[in-house]
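Breakdown of the fold
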Amino acid sequence: MHTTFRQRLQKGELLCGIFVTLGIPECGEILAASGFDWICIDTEHAPLSPIHVQRILQGTAGRCTSLVRIASASEVAVKQALDTGASGIIVPLVNSPEDARRVVNWARYAPEGSRGVGLARAHGYGKNFTKYMQRANLETVVVVQAEQREAVERIKEIADVPGLDAVFIGPYDLSASLGYPGEVDHPEVTRAIKRIFAACRDAGKATGVFGINASAVRPFIQQGFTLVAAGVDAMVMGTAAANLCAEMKQ
Ligand code: 3PY
Ligand code: MG
């Protein structure tokens, strides 16, 4: 039987991803063919609507896992993201175990939670309804972001929330919340990141992190972070294009 992304996360496998912000299916198609284990379709900072999310997912044709970063912790955003057929959600700015429990609840069908029941792409537009309903609670990945001072202070309680699969650190928001916007390597930020990692390790949960490129995430991989995303589609294209152009003009 095939191993699901959630099982790979639970086993502590390194899962390499990238952020998607451009609302075109070709982004999903190209990145899925580039070897990534997962993509994060970002509806928090990018102007992506549910239909963009669905088109990007269709572009991947299931060749890599898609997690949707929803815009904020809302029940509607959770169900719309999961109903497109995404494998899971990443929820930004979760600062308390109460918030984390609420998110898990919205993402799991009864009796484990209260996810609304629809007939959408995830359910094969109705055709695979029973099959999807049987597997969804087992396979859906729920990730919350720890990226503010309050989350660091309550990280043990957050990491212990049952049904939560991973905590994903947003170093940029975290640096701002600690008073050093953009200084992701500031010693206070590093200390907070270490504290989050230790709490997740003790709770048996995976820890994730974002960095702008491979060099930024390498130290985290060496420390044992497993849900790791490097770069953003638009930045990758911009950098590659600028390098290509400079090379041509040399
Ligand atoms: C942050 O750094 O704040 C993020 O959310 C990155 O994903
Ligand atoms: Mg953030």
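In case you missed it, the structure is sitting above this.
Residues numbered from 1 in each chain as written. Chains lettered and ligands numbered in written order. Predicted model: local features only at pLDDT ≥ 70, side-chain atom pairs only at ≥ 80, totals over all residues. Heavy atoms only, no water.

Considering the coordination of the magnesium ion (ligand 2)
Applied cut-off: Each metal's donors are the N, O and S atoms within 2.8 Å of it, or within 3.2 Å when it is Na, K or Ca, and because water is not part of the set, sites may look incomplete. The way it works is that DSSP assigns letters per residue, a run of H or I at least four long becomes a helix, a run of E at least two long becomes a strand, and they are numbered from the N terminus. Each residue is assigned to one of three classes by its accessible area relative to the maximum for its type, calculated with a 1.4 Å probe on protein chains only: buried under 20%, partly exposed between the two thresholds, exposed over 50%.
Within the protein, the atoms that donate to the magnesium ion (ligand 2) are E147 (OE) and D173 (OD), at distances of 2.1 Å. One end of the pair, E147, is in the loop between β5 (141-146) and α7 (149-153); the other, D173, is in helix α9 (residues 171-177), with 26 residues separating them in the sequence. Exposure remark for E147: the relative accessible area of 1% places this residue in the buried category.

Topic: the site of ligand 1
For clarity, the cut-off: Note on definitions. A residue lies near a molecule or strand when any single heavy atom of the residue is within 4 Å of it. Here a polar contact means two N or O atoms within 3.5 Å. Within protein one must be a hydrogen donor candidate and the other an acceptor candidate, and residues neighboring in sequence count only if both atoms are side-chain atoms. Using a 1.4 Å probe, the Shrake-Rupley method yields the accessible areas, and only the shown protein chains count as cover for residues. Residue classes follow a fixed rule: Ala, Val, Leu, Ile, Met, Phe, Trp, Tyr, Cys and Pro count as nonpolar, while Asp, Glu, Lys and Arg count as charged, and any other residue, Gly among them, counts as polar.
Taken together, the neighbourhood of ligand 1 is formed by F19, R69, Q145, E147, F168, G170, P171, Y172, D173 and F210. For ligand 1, an oxygen atom lies 3.0 Å from a polar atom in the side chain of Q145. Between ligand 1 and P171, the relevant distance is 3.1 Å, taken from an oxygen atom to a main-chain nitrogen or oxygen of the residue. Relative to its unbound accessible area of 230 Å², ligand 1 is 94% covered by the protein chains. With three residues, the single largest contributor to the shell around ligand 1 is α9. Grouping the amino acids of the shell around ligand 1 by side-chain chemistry returns five nonpolar, two polar and three charged.

Regarding the packing of aromatic side chains
For any pair of aromatic rings, the description consists of the separation of the ring centres together with the inter-plane angle of the planes. Defined as follows: Pairs were defined over the aromatic rings of Phe, Tyr and Trp, the Trp ring being its six-membered one, requiring ring centres within 6.5 Å. Orientation was assigned from the angle between planes: stacked under 30 degrees, edge-to-face over 60, tilted for the rest.
The tally for this structure, following the rule as stated, stands at seven aromatic pairs. Seen in terms of ring centroids, F19 and F168 are 6.3 Å apart; in terms of plane orientation they differ by 35°. Their pairing is tilted. Remark: F168 occurs in strand β6 (residues 166-169) and F19 occurs in strand β1 (residues 15-20); sequence separation between them is 149 residues. Comparing F19 with F168 shows no difference in burial state: the two are buried.

Comments concerning the pairing of β5
Under the convention used in this document: At least two bridges found by DSSP between two strands are what make those strands a pair.
Among the six residues of β5, six are classified as buried, and the element is accordingly described as predominantly covered. A two-sided burial pattern is seen for β5, the buried positions comprising V141, V143 and Q145 on one face and V142, V144 and A146 on the other. In this structure, strand β4 (residues 88-91) lies alongside β5, joined through four bridges in parallel fashion. Its bridge partner being in β5, I90 is matched across the sheet by V143. As defined by bridge partners, β5 adjoins β6 across four bridges and the pair is classed as parallel. Each bridged residue has a counterpart across the sheet, and for V144 the counterpart in β6 is V167.

Concerning the environment of S87
Inclusion rule: In this analysis, two residues are considered to be in contact whenever any of their non-hydrogen atoms come within 4.5 Å of each other.
Following the sequence through the fold, S87 ends up in the loop between α4 (75-83) and β4. Through-space distance from the C-alpha of S87 to that of Q148 is 25 Å; in sequence the pair is 61 residues apart. The contact partners of S87, leaving out residues within four places of it in the chain, are T65, S66, L67, E139, T140 and V141.

A look at the layout of surface pockets
Note the cut-off: Cavities and pockets are found on a 1 Å grid laid over the protein atoms alone: a cavity is a set of points where a 1.4 Å probe fits but cannot escape, a pocket is an open set with protein on both sides within 12 Å along at least five of seven lines, and a lining residue has an atom within 4 Å of such a point. Grid points are joined across faces, edges and corners, and a volume is the space filled by probe spheres set on the points.
Put simply, the largest pocket is a space of about 800 Å³. In this structure, the largest pocket is lined by 27 residues; those nearest its centre are G85, A86, S87, R135 and E139. Of all the secondary structure elements, the ones that give two or more residues to the lining of the largest pocket are α1 (5-11), α3 (50-60), β3 (65-69) and α6 (129-139). Of the residues contributing to the lining of the largest pocket, the split by class is eight nonpolar, 12 polar and seven charged.

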